[in-house]
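# Coordinate analysis (summary)
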Amino acid sequence: MDTKTYTYDGNGVTITWDQKRCIHARACVDGLPSVFDPERRPWIDPEHADPDAVEEVVMQCPTGALHLRRAGTNPETPPAENRISLFPNGPLLVHGDVELVGPDGEQVLTDTRVALCRCGRSGNKPLCDGSHDEGFEDDGTITVDRLSTSDDSPGEALRIRVTDGGPLMIEGPVTIEGTSDQTCSGNAGALCRCGASDTKPFCDGSHATVDREAL
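Bear in mind that the values here come from a model prediction, so they are computed numbers and not experimental data.

## Notes on the side chain of Glu171
- You can see Glu171 is positioned in strand 8 (residues 168-177).
- A polar side-chain atom of Glu171 sits 2.7 Å from a polar atom in the side chain of Arg161.

## Things to note about the packing of aromatic side chains
- Applying the stated criterion to the full structure yields 3 aromatic pairs.
- Ring geometry for Trp17 and Trp43: centres 5.0 Å apart, planes at 75°, overall edge-to-face. Of this pair, Trp17 sits in strand 2 (residues 13-18) while Trp43 sits in the loop between helix 1 (27-31) and helix 2 (51-58), placing them 26 residues apart in sequence.
- Residue classification places Trp17 among the buried positions, given a relative accessible area of 11%.

## Looking at the sheet that holds strand 1 (residues 5-10)
- A sheet is described by the order of its strands in space; here 3 strands give the open sequence 1-2-3, paired in antiparallel fashion. Edge positions in the open sheet fall to strand 1 and strand 3 (66-70), since each of these has one partner strand only. Adjacent strand axes in the sheet meet at a mean angle of 20° when their direction is disregarded.
- Pairing geometry for strand 1 and strand 2, over 6 bridges, is antiparallel. Looking across to strand 2, one finds that Thr5 is bridged to Asp18.

## As for the nonpolar core
- Of all hydrophobic cores here, the largest spans 22 residues; its most connected members are Ile84, Val94, Leu116, Ile160, Ile176 and Leu191.
- Those elements giving two or more residues to this core turn out to be strand 4 (83-86), strand 5 (92-101), strand 6 (107-116), strand 7 (158-162), strand 8 and strand 9 (183-191).
- Excluding residues that lie within four positions of it along the chain, Ile160 makes contacts with Val94, Val98, Glu99, Leu100, Val101, Leu116, Leu168, Met169 and Ile170.
- Among the nonpolar cores identified, the runner-up in size contains 20 residues, and Val13, Trp43, Val57 and Val58 belong to it.

Parameters and conventions
Position numbers for residues count from 1 along each chain, tracking the sequence in the order it is written. Thresholds applied to this predicted model are a pLDDT of at least 70 for local features of residues and 80 or more for the giving and counting of side-chain atom pairs; totals over whole chains, interfaces and linings are not thresholded and use all residues. With hydrogens and water stripped out, all remaining heavy atoms of the structure feed into the side-chain values. Helix and strand assignments follow DSSP, with helices taken as H or I runs no shorter than four residues and strands as E runs no shorter than two, numbered in order from the N terminus. What qualifies as a polar contact is a pair of N or O atoms within 3.5 Å, subject to a donor-acceptor requirement within protein and to the restriction that residues adjacent in sequence count only when both atoms come from side chains. Each Phe, Tyr or Trp ring, with Trp reduced to its six-membered ring, pairs with another whose centre is within 6.5 Å; inter-plane angles below 30 degrees give stacked pairs, above 60 give edge-to-face pairs, and intermediate values give tilted ones. Each residue's exposure class comes from its accessible area (1.4 Å probe, protein chains only) as a fraction of the maximum for that residue type: buried when under 20%, exposed when over 50%, partly exposed otherwise. Between any two strands, pairing holds if DSSP finds at least two bridges. Orientation is described by axes fitted as lines to C-alpha atoms, over the contacting stretch for helices, and by angles from 0 to 180 degrees between their N-to-C directions. Residues belong to a common nonpolar core when they are buried Ala, Val, Leu, Ile, Met, Phe, Trp, Tyr or Cys residues joined through side-chain atoms within 4.5 Å. Residues are treated as being in contact if the distance between any of their heavy atoms lies within 4.5 Å.

Honestly, that's just the spatial picture; any functional story needs more than this.
Here it is in structure tokens:
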């Protein structure tokens, strides 16, 4: 997983932007164009708005590419409930007390906002890099519920474990939201990350038939 982070200071806040995690969702540009202007260099200038307004918009970044500190502290705390939203024709948008773990058990990332690839095309797996725009199609409807309840849950945190050549394993309490108001809840399950499953967002074993580069 690659990172490329830039820092912008001003007006009592420090904004960090990880270019590798940005998929141009435009929540920042549309929410506060005086601060976030892609036609300007530098494109982020926190001097142009009240710190409270800047903080509010930064927290809307769905991928965690943007973060903010005030007076050296991070004001962002994990939400009360872990949630995964299915972005139409796009990634899994994770919001919660999130820990991303690699196949070797090593911690890859901790955050409150993460966008995970589910098309199999990202060049920065397991994170989304916007490659779903090349033709991935899934409207985000939940057709089956394959979340279960396990006694092995690590607690209130949501651990997402990337398996070697396989799915994303859910370990911890979460609610998954579809695009048509469907939800399912549990603390254990396997989510497709190759893009080939017929039971999206859940894995159906199709990763065994796809190119390893999709994993």
